[in-house]
Amino acid sequence: MTHGAARGRLVVLAGPSGVGKSTVVNALRGEVSRLYFSVSATTRSPRPGEVDGRDYRFVSASDFDRMVEEGALLEWAEIHGGLHRSGTPAGPVEEHLAAGDSVLVEVDLTGARNIRACRPDALLVFLAPPSWDDLVRRLSGRGTDSPEVIERRLTTAREELAAADEFDVTVVNDDLNEVVRRLIPLLSGAPDGEARLSH
Ligand code: ADP
């Protein structure tokens, strides 16, 4: 599919809330040269330790409306029944791909499907929990969500786990170092065939 050999690869990382996406993304920082970490815009409030402009762009609902109107988002979705909205700013993604950098986008299942629809060249990676009990433990252990929110996230998670086979690659988030080791070649632009053989 790629014509200009210099163009970078778009890699989408998705998986249920609490599986460890942010943890994995943070562990990847500094591990791959020429990798741009897409910064999602979100209307939710920062969690402790999250840095505006690095983890997310925290925006108001009206700023988000404007971005949607201007077509500035590659994908966006309402999260958990409209509790908040998050989306992927298109501009930086395009600029980095054109410059030959790989781009890593962290999204939920809806986001991954939307990116697949508009960017069929993207490599979709599903991050799966070692088991259902691990996912429940991680969501509760993170300590950021009320029991009601955790329940809602788990309901969504069942649907998300059922969609794993829509992805090009599934990586089980058991040992974090192993996950990073698996992802580095995918993000460094190893040929798809090679990448798909590695799971
Ligand atoms: P997500 O971004 O997918 O919602 P987080 O990165 O917030 O998930 O991780 C959820 C919880 O799981 C956090 O408390 C995190 O420390 C823990 N976690 C992430 N990866 C692992 C792992 N490989 N082993 C054990 N715990 C993990």
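Above this text you will find the structure in question.
Below is a summary of the structure that appears in this document. (Residues numbered from 1 in each chain as written. Predicted model: local features only at pLDDT ≥ 70, side-chain atom pairs only at ≥ 80, totals over all residues. Heavy atoms only, no water.)

1. Considering the site of the ligand
- Of all residues adjacent to the ligand, which total 13 residues, the nearest are Gly18, Lys21, Ser22, Thr23 and Arg142.
- In this structure, a nitrogen atom belonging to the ligand sits 3.2 Å away from a side-chain N or O atom of Arg138.
- At 2.9 Å from a nitrogen atom of the ligand is found a main-chain nitrogen or oxygen belonging to Asp174.
- Here the ligand loses 74% of its free accessible area of 570 Å² to cover by the protein chains.
- Broken down by secondary-structure element, the contributors of at least two residues to the shell around the ligand are α1 (21–28) and α5 (132–142).
- Per element, the largest residue contribution to the shell around the ligand is 3 residues, and it comes from α1.
- Looking at the shell around the ligand residue by residue, the class counts come to 3 nonpolar, 6 polar and 4 charged. (Near = heavy atom within 4 Å. Polar contact = N/O pair within 3.5 Å; in protein donor to acceptor, adjacent residues only side chain to side chain. Areas by Shrake-Rupley, 256 points an atom, 1.4 Å probe, with all protein chains shown as cover. Helix = DSSP H or I, 4+ residues; strand = E, 2+ residues; numbered from the N terminus. Nonpolar A, V, L, I, M, F, W, Y, C, P; charged D, E, K, R; others polar.)

2. Focus: the packing of aromatic side chains
- Evaluation of the coordinates by the stated rule reveals 3 aromatic pairs.
- Residues Tyr56 and Phe58 carry aromatic rings whose centres are separated by 5.7 Å and whose planes lie at 45° to one another, so their mutual orientation is tilted. Exposure class is identical for Tyr56 and Phe58. Each is buried.
- Aromatic side chains Phe64 and Trp76 sit 5.9 Å apart centroid to centroid with 75° between the ring planes, which places their arrangement in the edge-to-face category. With Phe64 in helix α2 (residues 61–69) and Trp76 in strand β5 (residues 73–79), this residue pair connects regions lying 12 residues apart in the sequence.
- Its end group placed over the ring of Tyr56, Arg44 keeps NZ or CZ at 4.6 Å from the ring centre.
- Of note, Arg158 hangs over the ring of Trp132, and the distance from its end group to the ring centre comes to 4.1 Å. (Phe/Tyr/Trp six-rings, centres within 6.5 Å; stacked < 30°, edge-to-face > 60°. Buried < 20%, exposed > 50% of the residue type's maximum accessible area, 1.4 Å probe, protein only. Lys NZ or Arg CZ within 6 Å of the ring centre and 35° of its normal.)

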